[in-house]
Amino acid sequence: MGFVVTIGLLDSLNFTLALLLVTLGLVVIYGLMNVINMAHGEFFLLGAYCVVLMRNAGLSFWWALLLAPVVLALVGLAVEELVIRHVYRRFIDSILGTWGISLALKQVVIIVFGPTAQSIVSPIPGPVQILGVTYPAYRLFIMGFTILLAGATFLFFYRTYIGLAIRGVIANRAMAASLGINTRLFDRSTFAIGAALAGLAGAVMAPIMSVDPQMGVGFLIPAFLSILVGGTGTLLGALVGTAAISATTTIVSDAWTQVAAQVVVFTMAIVVIRLFPQGITGRRT
Amino acid sequence: MRWKSFRSALTAAIWVALSLASLILNEWSLTQLAQYMAYGIFAMGLAFIWGQAGILSFGQAIFFGIGGYCMGLVTLRQLPLLGDSTLVGLILALVMPSIAAYVLGRLLFQGRGLAGAYFAIVTLCAAVIVETLAQQWSFIGGFNGLLGIPPFLAPWRTEADAYLTPTEIYLLMLAASLLVFLVLSYITWSPVGTVLAAIRDNDLRTAFFGYDIVRYKVGAFVLSALVSGLAGALFVKQFGFAAPSLIGFGLSTEVLIWVAVGGRNVLLAAFLGALLVRSVEGVLSDRLGDYWLLALGMLFVVTVVLMPTGLFGRILMPPLPKRLRGES
């Protein structure tokens, strides 16, 4: 019994951390620019296909971890410059515009790599013994890696001057601008950072998922639900939200089926969002 | 003033042209166009709630799908108590989506209701849930859906196996489209439509004026669901099957594209948007293959960014009702 619980805990933790990586970029973009980025799932997808690209080029997997954030930062910059910039003050149009980008990016992937699923060989094969259970070594690597990365992101936002400035823009854009903070520069760079985080998450997760062009939306919706459930505008809310969403997903899909997990989690999230529009951690107004 | 009457004349001319098309086009084109009109009706339902009431729903196909499945179940005799007449199927296809929209609308709009992004994400999730459930529910055919739904019957013919001809189906679809257009336009022009527009522009202020905005929003949501259900029922009768893809996330987002490309604020523009995108898709998707969806995605982004009123929104904008026009 303890065996099952440990596996379940490790699986939940694994999924939470991966989802947290995707969500971090999303929450910063939403909090900072008030843009619902529907293309975020496709940033994740492109990150995973960077791994495929590296495999086809015969290079080691680890290069993909370097390549993915760089490529996605550039994609993020391009998307911001070409589309997002024009729809900042049109909230609904920003949803639709990024949705169109997501369709186009997905289709580019289908054209270049084909519609079928690709499987990536795990770069650290073999299991290890941990806490009395055998667990795949690469999954442990993912957990360590994402903890480091999430930690670094939190430090960046809460312990550096740039992070302070970004949080200042989130809290009060007009005030920050009149204090001499270049909000336009921050919009651009946070969008690129958010995209790079999603790409990195995609690259890291590629070996334990089936990489196919439809995988983006499978991460987009849980990531959004995490933000809305946890509470918008704070990084802590994102953490709480991802933990709630991914723990429920893992538990229900272990106990029942994956389909049931999806239905249960979405229904639960709708109820929570309806009852607590500010999120679980949000202030009551 | 001349610009205004030009736009009204153009609206009338488009309906006349669509009627004359039944004399000019060959049977195959008419069949295609009649199917696209089902999508067009669906698009008008979405444009009504989005353009007039400002509610962006990512789950509109739920109601299209419910309508389609109801019509399929009845005419396939899967609900023996209700018989197998098309009329009963049609009534069920109007009633069930309305009930679903009423329940969903009450849940989401009641009290300090959801709006904007929250409403969009929640309806998106609802569409995914409903699609997943439709795939699992064997009574409605699971993954395969309902196959072999009989086409429209023509009871006035004496032959044993008499169905409507393509031209008749086309005229039926045209009549249905025109009816939906007129009813929705009437509501848009009526005082109710003005209140909906006020809710779209500033719901808090409208509430302070003493309007029960929840009731108006739920009402508009139900009406648009009813129109979507009608479109779904008319669609499955022509296509012959109802599958989970009709009820879910994919079609919900496709209809958003049609409406955004055509023009979200104008019913006829949304209708033409659906016809245009589907027709172009029919011609180009064979030739362009995978590049077609890429082109559609980019066209969508370009219209959203550069032309928020859509391709036809500006030239087909109906005049304001008389009581809202100034003295001049």
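A few points on the structure. These figures come from a predicted structure and were not determined experimentally.

Rules behind the numbers
Residues numbered from 1 in each chain as written. Chains lettered and ligands numbered in written order. Predicted model: local features only at pLDDT ≥ 70, side-chain atom pairs only at ≥ 80, totals over all residues. Helix = DSSP H or I, 4+ residues; strand = E, 2+ residues; numbered from the N terminus. Buried ≥ 20, exposed ≤ 12 C-beta atoms within 10 Å, placed from the backbone. Contact = placed C-beta atoms within 7 Å. Nonpolar A, V, L, I, M, F, W, Y, C, P; charged D, E, K, R; others polar. Axes fitted to C-alpha atoms, helices over the stretch in contact; angles between N-to-C directions. Parallel < 35°, antiparallel > 145°, perpendicular 65-115°, else oblique. Left-handed = near helix turned anticlockwise from the far one by under 90°. Pairing = 2+ DSSP bridges. Expected span 1.5 Å × (residues − 1). Bend = angle between axes of the 7 residues up to and from the residue.

### With respect to the overall build of chain A
Step number 1: When helices and strands are counted, chain A shows 11 helices and two strands.
Step number 2: Seen in sequence order, chain A has helices and strands lined up from the N terminus as α-α-α-α-β-β-α-α-α-α-α-α-α.
Step number 3: In terms of principal-axis extent, the alpha carbons of chain A reach across some 55 × 45 × 35 Å.
Step number 4: Among the 285 residues that make up chain A, the fraction classed as buried is 46%.
Step number 5: Considering only intrachain contacts with a sequence separation of at least 6, the fraction spanning at least 24 residues in chain A is 74%.

### Concerning the overall build of chain B
Step number 1: For chain B, the count of helices and strands is 12 helices and zero strands.
Step number 2: For chain B, the N- to C-terminal ordering of α and β elements is α-α-α-α-α-α-α-α-α-α-α-α.
Step number 3: Taken along its principal axes, the extent of the C-alpha atoms in chain B is 60 × 45 × 45 Å.
Step number 4: Counting the 328 residues in chain B, one finds 47% classified as buried.
Step number 5: If you take every contact in chain B between residues at least 6 apart in sequence, the share linking residues at least 24 apart comes to 78%.

### Remarks on the interface of chain A and chain B
Step number 1: Contact residues are listed per partner, giving 33 residues for chain A and 33 residues for chain B.
Step number 2: Of all the elements in the fold, those that place two or more residues in the side of chain A that touches chain B are α4 (91-113), α9 (215-230) and α11 (258-275) of chain A.
Step number 3: The element best represented in the side of chain A that touches chain B is α4 of chain A, accounting for 15 residues.
Step number 4: Residue composition of the side of chain A that touches chain B, by class: 24 nonpolar, six polar and three charged.

### A word on the environment of Q78 of chain B
Residues and elements named next belong to chain B.
Step number 1: Secondary-structure assignment places Q78 in the loop between α3 (61-75) and α4 (86-109).
Step number 2: The exposure class of Q78 is partly exposed, given the 15 C-beta atoms found within 10 Å.
Step number 3: Sequence separation between Q78 and F139 is 61 residues, and the spatial gap between their C-alpha atoms is 8.7 Å.

### Some details on unusual backbone geometry
Step number 1: Even without being a glycine, R77 of chain B presents a positive backbone phi close to 60 degrees.
Step number 2: Considering the arrangement of structural elements, one finds R77 of chain B in the loop between α3 and α4.

### Concerning the packing of α3 of chain B against helix α9 (residues 213-239) of chain B
All names here are of chain B.
Step number 1: Packing of α3 against α9 brings their axes to within 6 Å, and their N-to-C directions diverge by 45 degrees. It follows that α3 is oblique to α9 by the angle criterion. Regarding α3 and α9, the two cross each other, and that crossing is right-handed. Of the residues in α9, those touching α3 at F63, F64, G65, I66, G67, G68, C70, M71 and G72 are A225, S228, G229, L230, A231, G232, A233, F235, V236 and K237.
Step number 2: For the contact of α3 with α9, the residue count by class is 11 nonpolar, seven polar and one charged.

### Let's talk about the pairing of strand β2 (residues 133-136) of chain A
Residue and element names in this part refer to chain A.
Step number 1: For strand β1 (residues 127-130) and β2, the ladder comprises four bridges, and the chain directions are antiparallel. For P127, the partnering residue across the bridge sits in β2 and is P136.
Step number 2: In this antiparallel pair of consecutive strands, β1 and β2, the connection spans two residues, and L131 shows a positive phi of 50 degrees.

### Describing the environment of L67 of chain A
All names here are of chain A.
Step number 1: For L67, the location among the structural elements is in helix α3 (residues 61-82).
Step number 2: Spatially, the C-alpha atoms of L67 and G47 are 8.5 Å apart, while their sequence positions differ by 20 residues.
Step number 3: Once residues lying within four places of it in the same chain are set aside, the contact partners of L67 are C50 and M54.

### Some points on helix α11 (residues 267-288) of chain B
In an α-helix there are 3.6 residues to a turn, and that puts residues three or four apart on one side.
All names here are of chain B.
Step number 1: With 22 residues, α11 should reach 32 Å at 1.5 Å per residue; the first-to-last C-alpha distance of 30 Å fits that figure.
Step number 2: At G282, α11 shows its strongest bend, of approximately 35 degrees.
Step number 3: For α11, the full list of buried residues reads L267, L268, A269, A270, F271, L272, G273, A274, L275, V277 and R278.

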